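Secondary and tertiary structure notes
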Amino acid sequence: MNAATSTFETWATIVTVAATAIAGDILTAGAMRRIGDLDLIRAQSGLAGAIKAVVSSPMFLLGVLSMALSFFSLLFTLSKVDVSLAAPASASLTFIGNAAAAKLFLHENVDKRRWLAAIFVCAGVVLLSR
Amino acid sequence: MKHTLTPQRYLILLAVMLTASIGDTLLSHGMGQVGPISFAHLGLLFLALRNPWVISGILLLLGFFASYLTALSWADLTFVLPSTAFGYVVVALLSRFWLHEHISLYRWLGIILIVCGVGFVANGPSLTEHPAPKPEGAAK
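Residues numbered from 1 in each chain as written. Chains lettered and ligands numbered in written order. Predicted model: local features only at pLDDT ≥ 70, side-chain atom pairs only at ≥ 80, totals over all residues.

**Observations concerning helix 3 (residues 58-78) of chain A**
Inclusion rule: In this description a helix means any DSSP run of H or I spanning at least four residues, a strand means any run of E spanning at least two, and both kinds are numbered starting from the N terminus. Given the number of residues in a helix, its expected span is that number minus one, multiplied by 1.5 Å. A residue is called partly exposed when the number of other C-beta atoms within 10 Å of its own lies between 12 and 20, exposed at 12 or fewer, and buried at 20 or more, with C-beta atoms placed from the backbone. Contacts here follow a simple rule: the backbone-placed C-beta atoms of the two residues must lie within 7 Å.
For helix 3 of chain A, which comprises 21 residues, the first-to-last C-alpha distance of 30 Å matches the rise-based estimate of 30 Å (1.5 Å per residue) to within 8%. For helix 3 of chain A, the full list of buried residues reads A:Phe60, A:Gly63, A:Met67, A:Ser70, A:Ser73, A:Leu74, A:Leu75, A:Phe76, A:Thr77 and A:Leu78. Looking at the packing, one finds that the buried side of helix 3 of chain A touches helix 1 (7-35), helix 2 (38-55) and helix 4 (83-105) of chain A together with helix 1 (7-34) and helix 2 (44-48) of chain B.

Next comes the structure, spelled out in structure tokens:
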């Protein structure tokens, strides 16, 4: 890790990446659920039709905006923090938040198996930061 | 109906996993060359967009996005995300052997835990059944 980077700064940048990524993931996943199976759409109206179906969704565009914010905070974070910490840590935090957000907003069936996965990943993140 | 995936769809998940991790590593390598960026000099981020490593990282992440969206169109978010967590192993190996970052025993244990977590989800159904709304095409 970069010696000049404080613990607070490290985690503040990582949490920012995660929070914006969760918003982006939930919005795009919700949009894709509304649009439907892309393989079917591509079979019916070709690749252009599939692309048009995706980019004409406001929910998707809002999701992309959040993802762009997340991307630039990741770029910023990677210039200060090791990739073997920053990439898994931000992505795992995103994953935990997404499990809760997917149940809350997308009404996905987050069963015992998926929660167990979330806990394991969370423990993994703690170990990664040691 | 239990949602199991065709081999072609597993290939999409594999692409999601590989492009994300290799893309991140390329970005990290490029940003290492660009150097630290402070809040006072955020304009340097645009300079970073001229670095070939950063450019190839961005291209790979674009490929990631396309396959990620495809996967989301036929599987739950809580299924796709952990499926891609195997990428952490790829990141760890790439940063260890190519970027020569040190990975402690704790970090290796963390990576193993994450991979175990992925195993739980991968065995389950990939899509939540919502009984109420019928697809529009079926209404005709």
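**Details of the confidence of the model for chain B**
Residues and elements named next belong to chain B. What counts, and what does not: Every residue carries a pLDDT, the predictor's confidence in it, which falls somewhere between 0 and 100.
With 85% of its residues at a pLDDT of at least 70, chain B reaches an overall mean of 78. Summarising per-element confidence for chain B, the mean pLDDT is lowest in helix 5 (residues 87-97) (76) and highest in helix 3 (residues 52-74) (90). Within the model, pLDDT remains below 50 along residues 132-140, and this stretch shows 1 contact once partners closer than five positions in the same chain are excluded. For this predicted complex, the interface confidence score (ipTM) comes to 0.71, while the overall pTM stands at 0.72.

**So, the environment of B:Asp24**
Summarising the element assignment, B:Asp24 is placed in helix 1. C-beta crowding within 10 Å serves as the criterion here: with 29 such atoms nearby, B:Asp24 is assigned to the buried category. Once the C-alpha coordinates of B:Asp24 and B:Ile58 are considered, the two residues, 34 residues apart in sequence, prove to be 8.6 Å apart. Aside from chain neighbours lying at most four places away, what touches B:Asp24 is A:Val83, A:Ala87 and B:Val91.

**With respect to the interface of chain B and chain A**
You'll often see interface size given as the accessible area lost when the parts meet. Condition: Note on residue categories: nonpolar means Ala, Val, Leu, Ile, Met, Phe, Trp, Tyr, Cys or Pro, charged means Asp, Glu, Lys or Arg, and polar means any other residue, Gly included.
Contact residues are listed per partner, giving 43 residues for chain B and 43 residues for chain A. It is helix 6 (residues 105-122) of chain B that provides the largest number of residues to the side of chain B that touches chain A, a total of 12 residues. For the side of chain B that touches chain A, the class distribution of residues is 28 nonpolar, 11 polar and 4 charged.

**Quick look at the nonpolar core**
Note the cut-off: Any set of buried Ala, Val, Leu, Ile, Met, Phe, Trp, Tyr and Cys residues joined through C-beta atoms within 7 Å is what this text calls a nonpolar core.
One finds A:Leu78, A:Ala86, B:Val16, B:Ala71, B:Leu72 and B:Ile114 to be the most contacted residues of the largest nonpolar core, which totals 73 residues. The leading source of residues in this core is helix 4 of chain A, at 11 residues. Excluding its chain neighbours within four sequence positions, the residues that come into contact with B:Leu72 are A:Thr28, A:Ala29, A:Met32, B:Leu77 and B:Val80.

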